[in-house]
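# Report on the structure
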Amino acid sequence: MTGLKILVVGSGGREHALAWSLSRSPQVGQVFVAPGNGGTEWAANPNAKGLQPCAKSKNVPIAAENIVELMAFAQREKIDLTVVGPEVPLSMGIVDQFQAAGLRVFGPTQAAARLEASKAFAKDFMKQHSIPTAEYGVFAEFEVARQFVHDFGRPVVVKADGLAAGKGVIVCDTVEEAEDALRRILIDKEFGAAGETVVIEERLEGEEISNLMFADGKQIVAMPTARDHKRAYDGDQGPNTGGMGAYAYTHVSNEFEIAEENYDRVTRPTIDGLQQAGTPYIGVLYAGLMITPDGPKVLEFNCRFGDPETQVILPLLQTDLVDILNACIDGKLTSNLVYEKYEERTAATVVLAAPGYPGSYPKGLPISGLKNITDENVIVFHAGTTQKDGQLVTNGGRVLNVTAVGSTLDEALQRAYAAIEHIHFDGMHYRKDIGRTGVKQHDR
Ligand code: AMP
Ligand code: GLY
């Protein structure tokens, strides 16, 4: 076999999108995904058209947190490049361990990944480097924290310090809600060790955007800004979810302005600060921003590709992802690597969720109709699926990410929603209004 061997670590829609994008590199011969899902295996397709994958992909039954087994696999298979999707193995030091074993790996070290793994670390870092973010305090004692909330006098957000699978953030309307959140985290230990300390911060108002960037330790290149839809139901109603859909553009002027302002005020000082601290940031840095009347403020840093943002960003990429990731690792990142074959395009993804999600939901529901989607501008990334006795079935809350590209957002959305008409599983639900505010704001 010729071509590079790539290992993608993780099992969600983000990892399917990564495996898919890497398979389209002319340098790649084989992709492995550990552990992968029901959509991350395919045969080689040298004559790929539209959004089809190209090099073959295969699942490897090793959990994303099993660093010892992942390293053994990478050594045995002589993997040329490992790309880590989720935050947990990054915060466990998978990159440090792969590097120590002489294995090539894309992602931040454990020290750099603290920007996501500890919200208190991230807040202190931002304060030290004058990076705009919500006012805050860090507490380990319930009574002291409670007093802070009472004295603060404005609505707050209570956050468990450590990684809590996206559930450790509680946006509060009242003092009573904030007290309840503090009790759950600090006294009831709902998030275990991740909640030994809490960050209490000012509740910001505004529009949220996801600004992801590639970083090589010194240089940064921003990806197109993306917007996620976190609430479960149309009109931003209902409970928070891991994300019900997203969209991104390669060119909308005000998005560029936001990205530029963000570069000067947020991204540049972050990368410089980490370099000065002796823990340079190599990987994808994801700034979750609130666009407030005073400009962008950081809600959170993530140390990895976003999910579902990756599913709309990578289909817009016209250059070779392998080149970009290698340039990051080698400290040779340039914006040409990302934007050379620049073209104005947009991408949207709609998440098809299991009945009951984001509450409890059944698994194992048969999925049908994917083969009837013939539009080359559409790609369905799998998130919570698996193959069982030759049948594709649901295996999670967010099941499929139906993704389309177009020259306008409206076109991308029409293609995605038309493809959804072909897909069925019992109790499937999805938002009908993904991207609608974007169409109003940006499509002209
Ligand atoms: P995080 O994991 O810190 O991004 O928080 C998850 C979600 O909580 C964010 O996407 C926001 O919607 C919301 N959030 C976090 N921090 C704040 C804040 N300071 N003000 C308002 N909303 C927030
Ligand atoms: N889209 C939110 C995240 O990836 O954390």
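Every value quoted in this text rests on a predicted model; they were computed, and no experiment measured them. (Residues numbered from 1 in each chain as written. Chains lettered and ligands numbered in written order. Predicted model: local features only at pLDDT ≥ 70, side-chain atom pairs only at ≥ 80, totals over all residues. Heavy atoms only, no water.)

Moving on: the site of ligand 1. Around ligand 1 sit 15 residues, and of these Glu 201, Leu 204, Glu 208, Lys 230 and Glu 300 come closest. At 2.8 Å, a backbone N or O of Leu 204 approaches a nitrogen atom of ligand 1. Taking Glu 300, its side chain carries an N or O atom lying 2.8 Å from an oxygen atom of ligand 1. In the complex, the protein chains occlude 88% of the 460 Å² of accessible area that ligand 1 would expose alone. A per-class count over the shell around ligand 1 returns seven nonpolar, no polar and eight charged. (Near = heavy atom within 4 Å. Polar contact = N/O pair within 3.5 Å; in protein donor to acceptor, adjacent residues only side chain to side chain. Areas by Shrake-Rupley, 256 points an atom, 1.4 Å probe, with all protein chains shown as cover. Nonpolar A, V, L, I, M, F, W, Y, C, P; charged D, E, K, R; others polar.)

The next thing to look at is the site of ligand 2. The environment of ligand 2 is formed by Asp 228, Lys 230, Tyr 286, Asn 302, Arg 304, Gly 306, Asp 307 and Glu 309. Note that an oxygen atom of ligand 2 is positioned 3.5 Å from one of the side-chain N or O atoms of Asn 302. Contact between ligand 2 and Asp 307: an oxygen atom at 2.9 Å from a main-chain N or O atom of the residue. Isolated, ligand 2 exposes 200 Å² of accessible area, and the fraction of that covered by the protein chains is 87%. Taken together, the residues that form the shell around ligand 2 break down as one nonpolar, two polar and five charged.

Next up on the list: the sheet that holds strand β8 (residues 169–171). As summarised here, the arrangement of the four strands in space is β6-β9-β7-β8, forming an open sheet in which the pairing is antiparallel. Either end of the sheet is taken by a strand with one partner, and the two such strands are β6 (136–139) and β8. The average undirected angle you get between the axes of adjacent strands in this sheet is 15°. Looking at chain direction, strand β7 (residues 156–160) and strand β9 (residues 198–202) are connected through five bridges and run antiparallel. Bridge pairing in β9 places Ala 160 opposite Val 198. Its contacts with the sheet place helix α7 (residues 142–152) against β6, β7 and β9, and it is angled at close to 165° to β6. Contacts from helix α8 (residues 175–187) reach β6, β7, β8 and β9, with the element oriented near 5° to β7. (Pairing = 2+ DSSP bridges. Helix = DSSP H or I, 4+ residues; strand = E, 2+ residues; numbered from the N terminus. Axes fitted to C-alpha atoms, helices over the stretch in contact; angles between N-to-C directions. Contact = heavy atoms within 4.5 Å.)

Take the pairing of strand β4 (residues 81–84) next. Judged by which residues are buried, β4 turns out to be covered on both faces: Leu 81 and Val 83 on one side and Thr 82 and Val 84 on the other are all buried. As defined by bridge partners, strand β1 (residues 4–10) adjoins β4 across four bridges and the pair is classed as parallel. Each bridged residue has a counterpart across the sheet, and for Ile 6 the counterpart in β4 is Leu 81. In the sheet, β4 pairs with strand β5 (residues 105–106) via two bridges, with the strands oriented parallel. The partner of Val 83 across the bridge, within β5, is Phe 106. (Buried < 20%, exposed > 50% of the residue type's maximum accessible area, 1.4 Å probe, protein only.)

Turning to the layout of surface pockets, a few remarks are in order. If you add up the space inside the second largest pocket, you get close to 830 Å³. What lines the second largest pocket is a set of 28 residues, among which Gly 39, Leu 370, Lys 371, Val 380 and His 382 lie closest to the centre. Counting only elements with at least two residues in the lining of the second largest pocket, the list comes to β19 (378–382) and β21 (391–394). Top element by residues in the lining of the second largest pocket is β19. It accounts for four residues. A breakdown of the residues in the lining of the second largest pocket according to their chemical character gives eleven nonpolar, twelve polar and five charged. (1 Å grid on protein atoms, 1.4 Å probe; cavity = no way out; pocket = protein on both sides within 12 Å on 5 of 7 lines; lining within 4 Å. Points joined across faces, edges and corners; volume = space filled by probe spheres on them.)

Bringing the sheet that holds β4 into the picture now. Sheet architecture is open: five strands sit in the order β3-β2-β1-β4-β5, paired in parallel fashion. Two strands bound the open sheet, and with one partner strand each, they are β3 (56–59) and β5.

Moving on, we come to the side chain of Asn 326. Looking at the secondary structure, you find Asn 326 in helix α11 (residues 321–330). Excluding residues within four positions of it along the chain, Asn 326 makes contact with Leu 81 and Arg 104.

This part is about the packing of α7 against α8. The N-to-C vectors of α7 and α8 enclose an angle of 160°; their axes lie 10 Å apart at closest approach. Taken as axis vectors, α7 and α8 run roughly antiparallel relative to one another. α7 and α8 meet at a crossing whose hand is right-handed. Packed against α7, whose contacting residues are Phe 142, Ala 145, Arg 146, Val 149 and His 150, the element α8 presents Val 175, Ala 178, Glu 179, Leu 182, Arg 183, Leu 186 and Ile 187 at the interface. Per-class residue counts for the contact of α7 with α8 are eight nonpolar, one polar and three charged. (Parallel < 35°, antiparallel > 145°, perpendicular 65-115°, else oblique. Left-handed = near helix turned anticlockwise from the far one by under 90°.)

What follows deals with the pattern of salt bridges. By the definition in use, this model includes 23 salt bridges. Here Glu 15 and Arg 14 are joined by a salt bridge, their closest N and O atoms 2.9 Å apart. The burial state of Glu 15 is the same as that of Arg 14; both residues are buried. Two residues, Asp 236 and Arg 431, come together in a salt bridge whose shortest N-O distance is 3.1 Å. A residue pair is termed long-range when its members are at least 10 positions apart, and Asp 236 in the loop between β13 (231–233) and β14 (237–240) and Arg 431 in the loop between α13 (409–420) and α14 (436–442) qualify at 195 residues. The class for Arg 431 is buried, based on a relative accessible area of 2%. Here the salt bridges do not stand alone but share partners, grouping Glu 143, Arg 146, Glu 179 and Arg 183 into one network. (Salt bridge = Lys/Arg side-chain N within 4 Å of Asp/Glu carboxyl O.)

Turning to α11, a few remarks are in order. Two residues of an α-helix separated by three or four positions point the same way, owing to the 3.6 residues in each turn. The element α11 is extensively covered by neighbouring structure, given that seven of its ten residues are classed as buried. The N-capping residue of α11, defined by a side-chain oxygen 2.9 Å from the backbone nitrogen of Val 322, is Asp 320. Looking one or two residues past α11, Gly 331 carries a phi angle of roughly 70°, positive in sign.

Before going further, it helps to examine the packing of helix α1 (residues 13–23) against α11. For any two helices packed against each other, one specifies the crossing angle of their axes together with the interaxial distance. Two numbers describe how α1 lies on α11: the axes approach to 8 Å, and their chain directions differ by 105°. The angle between the axes of α1 and α11 places the two elements in the roughly perpendicular class. Every residue of α11 that contacts α1 at Leu 18, Ser 21 and Leu 22 is listed here: Leu 321, Val 322 and Leu 325. Residue composition of the contact of α1 with α11, by class: five nonpolar, one polar and no charged.

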